There are 2 protein chains.
Amino acid sequence: MQRDKPNRDRAQHDRTQREKVQEPLARSRRPSAIEVARLAGVSQSAVSRAFTPGASISPATRAKVMSAAEQIGYMPNAIARSMITRRTNIIGVVLGNLEYQFYQQALRVLSLRLQEAGRQVLLFTVPPGGDLDALLPQVLQYQVDGVIIGAATLSSDMAAECERRGTPVVLFNRTVPGVPAHSVTSDNYGGARLVATLLVRAGHRRFGFIAGHRDTSTGINRERGFYEGLAALGIDTAAQVVRMEANYSYEGARQAVLSLLAEGPRPDAIFGANDMMAMGAIDAAREAGLRVPDDLSVIGFDDTPQSAWTAYALTTLRQPIEELVEASVDLILGLHDQPSNRRTIVEVPVLFVERGSARLPRPEEAVAITGGQRSDTVPEPAAKPARKTERRRSRGRKVA
Amino acid sequence: MQRDKPNRDRAQHDRTQREKVQEPLARSRRPSAIEVARLAGVSQSAVSRAFTPGASISPATRAKVMSAAEQIGYMPNAIARSMITRRTNIIGVVLGNLEYQFYQQALRVLSLRLQEAGRQVLLFTVPPGGDLDALLPQVLQYQVDGVIIGAATLSSDMAAECERRGTPVVLFNRTVPGVPAHSVTSDNYGGARLVATLLVRAGHRRFGFIAGHRDTSTGINRERGFYEGLAALGIDTAAQVVRMEANYSYEGARQAVLSLLAEGPRPDAIFGANDMMAMGAIDAAREAGLRVPDDLSVIGFDDTPQSAWTAYALTTLRQPIEELVEASVDLILGLHDQPSNRRTIVEVPVLFVERGSARLPRPEEAVAITGGQRSDTVPEPAAKPARKTERRRSRGRKVA
DNA sequence: ATGAAAGCGCTAACAA
DNA sequence: TTGTTAGCGCTTTCAT
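Residues numbered from 1 in each chain as written. Chains lettered and ligands numbered in written order. Predicted model: local features only at pLDDT ≥ 70, side-chain atom pairs only at ≥ 80, totals over all residues. Heavy atoms only, no water.

1. Focus: the pairing of strand S10 (residues 315-318) of chain A
All names here are of chain A. Residues Thr315 and Leu317 point to one face of S10 and Thr316 and Arg318 to the other, with burial holding for every one of them. Two elements, S10 and strand S12 (residues 351-353), share 3 bridges in a ladder whose sense is antiparallel. When the sheet's bridge partners are listed, arginine 318 is paired in S12 with leucine 351. (Buried < 20%, exposed > 50% of the residue type's maximum accessible area, 1.4 Å probe, protein only. Helix = DSSP H or I, 4+ residues; strand = E, 2+ residues; numbered from the N terminus. Pairing = 2+ DSSP bridges.)

Next comes the structure, spelled out in structure tokens:
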């Protein structure tokens, strides 16, 4: 392309190359406001005003502009606009774990809600084994108006960097102590503790707990809640609880429970730190010839769509995705009434969903245990065939 | 804000509002290249060059710039850069149906691959009952370098509009006749036809087919493939096939099959247009007291993670998500070797995954049916406990 | 190898 | 209400 050849040769050359080389996606110029202005016989700022909702412009002028715009297919350039308004209307969403149902659902709702609020989602995925801190500069380069992070731990350095640049950060479904960022979680501790209480009251005495990772705040709190709930009712957790770890996966949990059942004296209840692991536990139990819940109670956490399927009818704690998302969006858009320099922590209660996979105390008794809070007004997600007799909310709180 | 008040009042008013009203997220100015230049004692263009890989700049200058940049936390503004380079490196990804496993997985892989290619994903979700054509102008305003569409039907008007603006479009997992856009699908027709062949050869004579929507190219081709495959082997599809429709949902399929089994003479095989519906069929069959596959064979389409779970062990056709995504990304980045003004259609073969939910012909016979193509070299997805004895590829083709 | 200058397409402040 | 003007932060000629 550098050489100066006769014109005919050059043309020939270009046409040949075009077939193979990756080129800057040859684009026919997009019309600009100036061209519209010329065609409509107005100034370029008039064009800008025509496309700005509250702007001071006469209907006549706006009409002229709009018709000219339509004629040549003009559409304002959101990128150029953002340069001067200093808002891109883009929210960065950073997720790892996109293979987990919970985050997939969360992303779906997040995208919907942010779009409703007139914002766009710039999606980043932390690759397996990848580093969040390495990704964040990329998202900042795109001048996002805020970042919602639902991925592995954020270093406080990186959070401080965002802070300094004035980009608000919301941690979704996790808390990181000492990091200057807002945070939205569900009441993992309270929910898990409720499970412990209900299981003990129903007469279970030997427990299995399937942990995910040790290093997620979510997992840690569920584990603490469960163990502390058991201990509070006199269970010797060292002797009566077997801890397994399964990386939040169905297959890991299935294998773990399979060997647990093959070995020692079997537990009469298993609590999985998420639904996928609980379902793995159910399948393992059945493969081992046990009936659920007659021989073994199984409870999960999340309430993914599959847990309602009749093959499992999983009793579980529902993470209120809609509420988590709503809180996150409000926070990131600055719609909260906290002074913006304060760190806000929102904790949303979870909902106990009783289906068929666990023996539980009689309803009256259970209600007494949980303080009598019932919430039958909470709407059910669409498809939910399994019987479901009772729901209770964990306490859930909202801290400033 | 329109009224002209004395200055003091205005100021007062503004300060009060700031606490409650959504405001432009007060941001401490982000450092610009000019500031770096001043600090480093070089010109602003030098700063630009320092951050441009192949640029002509001395190591000494670059070092000075870098250290100054680090000092004040400078990071190039990708938005501003894109104004002049005319590439945002952003790919718009438009999806509906984000409640379906298949699209969730697809999005996960898409995001990963595009990031690897140095691109960002701007995600758009078509809201339930929403309109794709209404969404597309939004994505174009952000000057995306290309759009990958895995949502409802695209009007040819809208596609032409993209074409005119020089924004390449790839239809993901769908084809729309007469629309000037690239398209990537799996061999839905061939896969479904293979299912029909195998079921008939194994002796099944009464069939159920669970369709999703009537208006997706994917669904249409699966239905055509299945019916034509049956007809080709002498099945009277009018008399021996019951068609149900379940909107691709577990619960819809479960209900449909439940009433099917309650009513007439029962089928001996059911083919679901996706896995979720097939799993709904399995649960319905079991609720009705039937054994799968002894009393009823069930086959699905997609190979979602759940189909490997032992409770279902679903025999199904795997959509090769990785390949679909790879083809889409290549196309959208212009890495294909077709002339860019030609419409490219890629069709990827699907893989028959035999688990335990269907009675099938003996392997030798089956191989004969499918032309003997085996592909045991194809890697398995991570967790796949269920037995699985045989795999065959649909024919799959690649058309220019 | 470097700096000066000209914009990319737009909004916002200012005059008229 | 309208047009004129000055940038937003950057890349890219064009001189030097």
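That shown, we press on.
2. What about the pattern of salt bridges?
If the charged atoms of two oppositely charged side chains come close together, the side chains can form a pair. On inspection of all chains with the given rule, the structure shows 27 salt bridges over all chains. Of the charged contacts, one joins aspartate 295 of chain A and arginine 291 of chain A as a salt bridge, the two residues approaching to 3.1 Å between their closest N and O atoms. Notably, a salt bridge pairs arginine 113 of chain B with glutamate 322 of chain B, separated by 3.0 Å at the nearest N-O pair. Residue arginine 113 of chain B is found in helix H6 (residues 101-116), and its partner glutamate 322 of chain B is found in helix H14 (residues 321-332); the two are separated by 209 residues along the sequence. With a relative accessible area of 25%, arginine 113 of chain B lands in the partly exposed category. The exposure class assigned to glutamate 322 of chain B is partly exposed, which follows from its relative accessible area of 43%. Salt bridges linked by common partners bring Arg214, Glu223, Arg243 and Glu245 of chain B together as one network. (Salt bridge = Lys/Arg side-chain N within 4 Å of Asp/Glu carboxyl O.)

3. Examining the relation of the copies chain A and chain B
Rotating chain A by 180° and moving it 0.1 Å along the rotation axis overlays it on chain B with an RMSD of 0.1 Å. Both copies of the chain, as the preceding transformation shows, are related through a two-fold rotation axis. For chain A, the minimum C-alpha distance to the rotation axis belongs to leucine 122 of chain A and amounts to 2.3 Å. The share of interface residues of chain A whose copies in chain B are also at the interface is 97%, consistent with both copies meeting through the same surface. (Least-squares fit on C-alpha atoms with pLDDT ≥ 70 in both. Contact = heavy atoms within 4.5 Å.)

4. As for a nonpolar patch on the surface
Residues Met83 and Ile84 of chain A together with Met83 and Ile84 of chain B make up a contiguous nonpolar surface patch of roughly 430 Å² in combined accessible area. When contributions to the nonpolar patch are tallied by element, the ones reaching two or more residues are helix H5 (78-85) of chain A together with helix H5 (78-85) of chain B. Counting through the fold element by element, isoleucine 84 of chain A comes out in helix H5. Exposure remark for isoleucine 84 of chain A: the relative accessible area of 68% places this residue in the exposed category. (Patch = residues over 30% accessible without salt bridge, like charges linked within 9 Å, V, L, I, M, F, W, Y side chains within 5 Å. Areas by Shrake-Rupley, 256 points an atom, 1.4 Å probe, with all protein chains shown as cover.)

5. Concerning the interface of chain A and chain B
Counting from both sides, the interface comprises 77 residues of chain A and, opposite them, 80 residues of chain B. Roughly 7300 Å² of surface becomes buried between chain A and chain B when both sides are summed, with 54% attributable to carbon and sulfur atoms. When the buried area of chain A at its contact with chain B is split by residue, Arg30, Tyr142 and Trp309 of chain A rank highest and sum to 10% of it. At the boundary of chain A and chain B, one finds 0 salt bridges. Summed over the shared surface of chain A and chain B, the number is 26 residue pairs in polar contact (both at pLDDT 80 or more). Per element, the largest residue contribution to the side of chain A that touches chain B is 8 residues, and it comes from helix H6 (residues 101-116) of chain A. Here the residues of the side of chain A that touches chain B are counted per class, giving 37 nonpolar, 22 polar and 18 charged. Two elements, strand S2 (residues 120-125) of chain A and strand S2 (residues 120-125) of chain B, share 3 bridges in a ladder whose sense is antiparallel. Residue pairing for S2 of chain B: leucine 122 of chain A is matched across the bridge by leucine 122 of chain B. (Buried area = accessible area lost by both parts, 1.4 Å probe. Polar contact = N/O pair within 3.5 Å; in protein donor to acceptor, adjacent residues only side chain to side chain. Nonpolar A, V, L, I, M, F, W, Y, C, P; charged D, E, K, R; others polar.)

6. Thoughts on the UniProt feature "domain: HTH lacI-type" (unreviewed entry) in chain A
Under the UniProt annotation, the feature "domain: HTH lacI-type" (unreviewed entry) is placed at residues 31-85 of chain A. The span residues 31-85 of chain A is 67% helix and 0% strand, and its two end C-alpha atoms sit 21 Å from each other. (UniProt positions renumbered as here; feature names shortened; annotations may be inferred.)

7. Overview of the protein's contact with DNA strand C
The environment of DNA strand C is made up of 27 residues, and the closest members are Ala33 and Ser48 of chain A together with Ser56, Thr61 and Arg86 of chain B. The sugar and phosphate moieties of DNA strand C supply 61% of its atoms located within 4 Å of the protein. Between DNA strand C and alanine 33 of chain A there is a distance of 2.5 Å, counted from a phosphate oxygen to a backbone nitrogen or oxygen. A distance of 2.4 Å is found between a phosphate oxygen of DNA strand C and a side-chain nitrogen or oxygen belonging to serine 48 of chain A. Take the surface near DNA strand C: its biggest share by element is 5 residues, from H5 of chain A. (Near = heavy atom within 4 Å.)

8. A few points about the protein's contact with DNA strand D
The full set close to DNA strand D counts 28 residues, and Ser45, Thr61 and Arg86 of chain A together with Ala33 and Ser48 of chain B are the nearest of them. Sugar and phosphate atoms constitute 60% of the interface atoms of DNA strand D, taking the interface as everything within 4 Å of the protein. At 2.5 Å from a phosphate oxygen of DNA strand D is found a side-chain nitrogen or oxygen belonging to threonine 61 of chain A. One of the side-chain nitrogen or oxygen atoms of arginine 49 of chain B is found 3.5 Å away from a base oxygen of DNA strand D. Looking at the surface near DNA strand D element by element, the count peaks at 5 residues for H5 of chain B. Along the lines of polarity and charge, the residues of the surface near DNA strand D split into 12 nonpolar, 11 polar and 5 charged.

9. Some remarks on helix H12 (residues 250-262) of chain A
Helix length check: H12 of chain A (13 residues) gives 18 Å between terminal C-alpha atoms against 18 Å at 1.5 Å per residue, within 8%. Among all positions of H12 of chain A, only Tyr250, Glu251, Ala253, Arg254, Ala256, Val257, Leu260 and Leu261 of chain A are buried. (Expected span 1.5 Å × (residues − 1).)

10. Overview of the side chain of asparagine 274 of chain A
Within the element layout of this structure, asparagine 274 of chain A appears in the loop between strand S8 (269-272) and helix H13 (275-287). Those residues in contact with asparagine 274 of chain A that lie beyond four places of it in its chain are Arg222, Tyr248, Gly300, Phe301 and Asp302 of chain A.

11. Describing helix H8 (residues 156-165) of chain B
Residues and elements named next belong to chain B. Three or more residues of H8 are buried, namely Met158, Ala159, Glu161, Cys162 and Arg165. For H8, the angular spread of the buried residues around the axis is 155°, confining them to a single face. Residues of H8 that are buried make contact with helix H7 (132-141) and strand S4 (169-172). The first or second residue beyond H8 is glycine 166, which carries a positive phi of 75°. (Arc of directions from axis to C-beta.)

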